[in-house]
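Single-letter residue listing:
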Amino acid sequence: MIDRSSPSKLPDATMKLLAANQPIDVAADVDIDDVARRTEGYSGDDLTNVCRDASLNGMRRKIAGKTRDEIKNMSKDEISKDPVAMCDFEEAVTKVQPSVSAADIERHEKWFSEFGSA
């Protein structure tokens with residue numbers, strides 16, 4: 001299991017979306033490797049936020065322009081039926097920025113090499 005808050009050993013491309021532990025239905029057009037490349041340097045927490053934001057984009061599109069009463073009258077299935085598409089991930093990546101900088105990782109790795117794990 002990947003430590004989501006650790007700034008060192010950020011998830012590699014094959015583990016990125018799995019690390020987020022988000023149970024989402026993904027559309028066939030989603031290129032997980034492309035999403036992983038776009039999120040290079042993101043921590044597990046950052047990836048959780050990308051997945052969460054992407055999973056909400058379909059709902060946001062469905063309620064856009066509707067009144068409060070129209071939204072209240074929509075069924076749960078009507079709002080959240082569609083799987084998360086590649087465009088949802090692309091939009092989420094533009095909104096969610098990595099919280100760990102290269103300098104943070106370098107400082108952490110230097111400390112780890114001097115003092116070991118905590």
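The structure presented is a predicted model; accordingly, all values stated were derived computationally and were not measured.

J.: So what exactly am I meant to see when it comes to the environment of A36 here?
T.: As for its position among the elements, A36 is in helix α2 (residues 32–38). Each C-alpha atom, one on A36 and one on L47, is 9.4 Å from the other, the two residues being eleven residues apart in sequence.

J.: Whenever I open this one, a nonpolar patch on the surface confuses me. Can you help?
T.: Together, W111, F112 and F115 line one region of the surface with nonpolar side chains, adding up to about 350 Å² of accessible area. Along the chain, the position of W111 falls in helix α7 (residues 102–115).

J.: Would you take a moment to explain the nonpolar core for this structure?
T.: Soluble, globular proteins show a tendency: their nonpolar side chains are buried together. One finds V30, V35, Y42, V50, A54 and F89 to be the most contacted residues of the largest nonpolar core, which totals 13 residues. Put simply, the parts of the chain that give this core at least two residues each are α3 (44–63) and α6 (86–95).

J.: How do you make sense of the layout of surface pockets when you look at a structure like this?
T.: Rolling a probe over the atoms, with the probe sized like a water molecule, indicates the empty space that remains. Each pocket or cavity is described by its volume, and for the largest pocket that value is around 230 Å³. Forming the walls of the largest pocket are 15 residues, and the residues nearest its centre are S55, M59, S80, D82 and V84. Mapped onto the lining of the largest pocket, the elements with two or more residues apiece are α3 and α5 (76–80). With six residues, the top contributor of residues to the lining of the largest pocket is α3. Partitioned by chemical class, the residues of the lining of the largest pocket number seven nonpolar, three polar and five charged.

J.: Would you mind showing me how to read the packing of α3 against α6 here?
T.: In a pair of packed helices, the angle between the axes and the distance between the axes together describe the arrangement. For the pair α3 and α6, interaxial distance at closest approach is 8 Å and the crossing angle is 120°. With respect to α6, the axis of α3 lies oblique. Here α3 runs over α6; the crossing is right-handed. Along the contact surface, α3 presents V50, C51, D53, A54, N57, G58, R60 and R61, while α6 presents C87, D88, F89, E91, A92, V93 and K95. Residues that form the contact of α3 with α6 fall into these classes: seven nonpolar, two polar and six charged.

Rules behind the numbers
- Residues numbered from 1 in each chain as written.
- Predicted model: local features only at pLDDT ≥ 70, side-chain atom pairs only at ≥ 80, totals over all residues.
- Heavy atoms only, no water.
- Helix = DSSP H or I, 4+ residues; strand = E, 2+ residues; numbered from the N terminus.
- Patch = residues over 30% accessible without salt bridge, like charges linked within 9 Å, V, L, I, M, F, W, Y side chains within 5 Å.
- Areas by Shrake-Rupley, 256 points an atom, 1.4 Å probe, with all protein chains shown as cover.
- Salt bridge = Lys/Arg side-chain N within 4 Å of Asp/Glu carboxyl O.
- Core = buried A, V, L, I, M, F, W, Y, C linked by side-chain atoms within 4.5 Å.
- Buried < 20%, exposed > 50% of the residue type's maximum accessible area, 1.4 Å probe, protein only.
- 1 Å grid on protein atoms, 1.4 Å probe; cavity = no way out; pocket = protein on both sides within 12 Å on 5 of 7 lines; lining within 4 Å.
- Points joined across faces, edges and corners; volume = space filled by probe spheres on them.
- Nonpolar A, V, L, I, M, F, W, Y, C, P; charged D, E, K, R; others polar.
- Axes fitted to C-alpha atoms, helices over the stretch in contact; angles between N-to-C directions.
- Parallel < 35°, antiparallel > 145°, perpendicular 65-115°, else oblique.
- Left-handed = near helix turned anticlockwise from the far one by under 90°.
- Contact = heavy atoms within 4.5 Å.

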